[in-house]
Amino acid sequence: MWVRLPENGYDKDSILKELEEVTKEDLNPLTGRMFGHSYETGDNILRELSMKVYEAFMHKTMLDFTVYPSLVKLENEIVSMVLSIMHGEENSTGSFTYGGTESIMLATKAAREYFRKRKGEGVIPELILPMTGHPSFVKAAEYLNMKVKFAPVDYKTLKIDVDKVNELINDRTAMIVGSAPNYPFGTVDDIAALSDIAVDKKVWLHTDSCIGGFVLPFFKMLGEKIPDFDFKLPGVYSISADLHKYGYAPKGASVVLYRSKELKLGQIFVGTRWPGYPLVNTAVLSTRSAGSLAASWAILKYLGVKGYKDMASRILSAKRKTILGLKEMRFQILGEPESSLVAFTSDEVNLSKLSSIIGKKGWYIQVQPGSDYLKFPSSIHLTLSPVHDELAKDFLADLKEALEEAKKMEESDQLKANILRMIRDMEPNKIIEELPRLLEYVGVSSEKVPKDLELVDELIKSLAPDLVEAMLKHVINEILSP
Ligand SMILES: Cc1ncc(COP(=O)(O)O)c(C=O)c1O
């Protein structure tokens, strides 16, 4: 439905009231009841500081480094503070970006330029990604005209198969990626072994530490067994680490780091072939608010090593309690996650059902549908935050109730089962043709996200990824159209 631009503007109070109404069904990320998309410390001073600093800088742009000298200083200080926990070297450098995807896009571009400089422009450069690696690398490859080769993982340890990486490398390899950790299971790839290969074959190794960058170094300081993953390893050329995750900064904050200045050159864009100002960008975006940059700087200064260690210690305690509770409920933990993420599966209940039942009790847990094609089971992903140390007991009690409820509920209803069977038997083209009817059935319409995702999750698990991707493009196009 179209909303027309109002002829006359509304007054402030009525706008705020409307927003209150609109957000009624939203989850509140500050409650700590979310185990995904939220990284809650429970520290009110941190929150206040972050909001105050954000507000003070939100109208300044990072577009032009000659305009606001403070922004150059803040960015350099952020980069160096993060380098100081990643074994950066004298000549190491990096950039502040608006998120993990942007950091990854830039590192991939820098690796492509580095490859082209040595090998010329005649071939499509390749990127080797663990099957558990973040899809933003596939997106980067799509944008940058590169080809992704997926490296298998060991299904038990859920870590990259290093020997297979060795086999996949050839003259066209521009980058290999290891995750520290991967998002789905929280396990850390053997980056040291990847580094040996990278040094031996002279290829660029990127450590994706978007979600682990502000956890693993502090877990290590607390005595946890964390494998090396940063610039301590000579093959690691670049690292991504997100401030808007366990850096506890507001959304829109990450860093990409490089072992040396030479490596960073390829990410920089300069455009002067126009009559306007010289466009000099170190990031994908050009005009962007400096709010999240300044807030990130303030939070790094506020927490310091001690503050991040305290947060990490609360996460570790939450992790121990949660894993114990999950095992008591006979859930199976997938792999042995070294990080702050835990994934579990079950052969007793439907996990989509479990998630929607516990959702009604005010908790958010994230369903990972899995894939028959890729041979991953469906699972529940938990991103653990410091506040979960205090909330673990309540969460586990509610999960236990939800589990009993889910067990009592019948298997998915007959109609759903029939639809699923029918779709599985259909030709891919036919599925896309029938999509409007299918979407209507699962409750997708303009602006409307279906509440019951059980069928959608089943489809994602049982259909080929190509088809799932094509279907989901239609789905989001439907939902995000007025
Ligand atoms: C391992 C990993 N890499 C990359 C990303 C992408 O980060 P963003 O969502 O900030 O773009 C994520 C996000 O969860 C992640 O967990």
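The coordinates are above.
Asker: Help me get a handle on helix H17 (residues 465–479), residues and values and all.
Answerer: An α-helix turns once per 3.6 residues; consequently, residues spaced three or four apart project the same way. Taking 1.5 Å as the rise per residue, H17 with 15 residues should run 21 Å; its terminal C-alpha atoms sit 21 Å apart, in good agreement. Of all the residues in H17, the buried ones are Leu467, Val468, Met471, Val475 and Ile479. For H17, the angular spread of the buried residues around the axis is 100°, confining them to a single face. In H17, those exposed residues whose orientation departs by more than 90 degrees from the buried face are Asp466, Lys473 and Asn477. Buried positions along H17 lie against helix H14 (428–433), helix H15 (435–442) and helix H16 (454–462).

Asker: I'd like a description of helix H12 (residues 388–408), backed by residues and values.
Answerer: Helix length check: H12 (21 residues) gives 28 Å between terminal C-alpha atoms against 30 Å at 1.5 Å per residue, within 8%. Remark: the principal bend of H12, roughly 30°, maps to Asp394. Among all positions in H12, only His388, Asp389, Leu391, Ala392, Phe395, Leu396, Asp398, Leu399, Ala402, Leu403 and Ala406 are buried. Contact partners of the buried residues in H12: helix H10 (291–328), strand E11 (341–345), helix H11 (351–360) and strand E13 (379–383).

Asker: So what's going on with unusual backbone geometry? Residues and values would help.
Answerer: Put simply, Ala180 and Pro181 share a cis peptide bond, and its omega is -5°. When you line up the elements, Pro181 lands in the loop between strand E4 (173–179) and helix H7 (191–201). Not every positive phi belongs to a glycine, and His37 is a case in point at roughly 65°. For Lys375, which is not glycine, the phi torsion reads 65° and is therefore positive. Along the chain, Lys375 falls in the loop between strand E12 (366–368) and E13. Overall, the relative accessible area of 59% leaves Lys375 in the exposed class.

Definitions and cut-offs
- Residues numbered from 1 in each chain as written.
- Predicted model: local features only at pLDDT ≥ 70, side-chain atom pairs only at ≥ 80, totals over all residues.
- Heavy atoms only, no water.
- Helix = DSSP H or I, 4+ residues; strand = E, 2+ residues; numbered from the N terminus.
- Expected span 1.5 Å × (residues − 1).
- Buried < 20%, exposed > 50% of the residue type's maximum accessible area, 1.4 Å probe, protein only.
- Arc of directions from axis to C-beta.
- Contact = heavy atoms within 4.5 Å.
- Bend = angle between axes of the 7 residues up to and from the residue.

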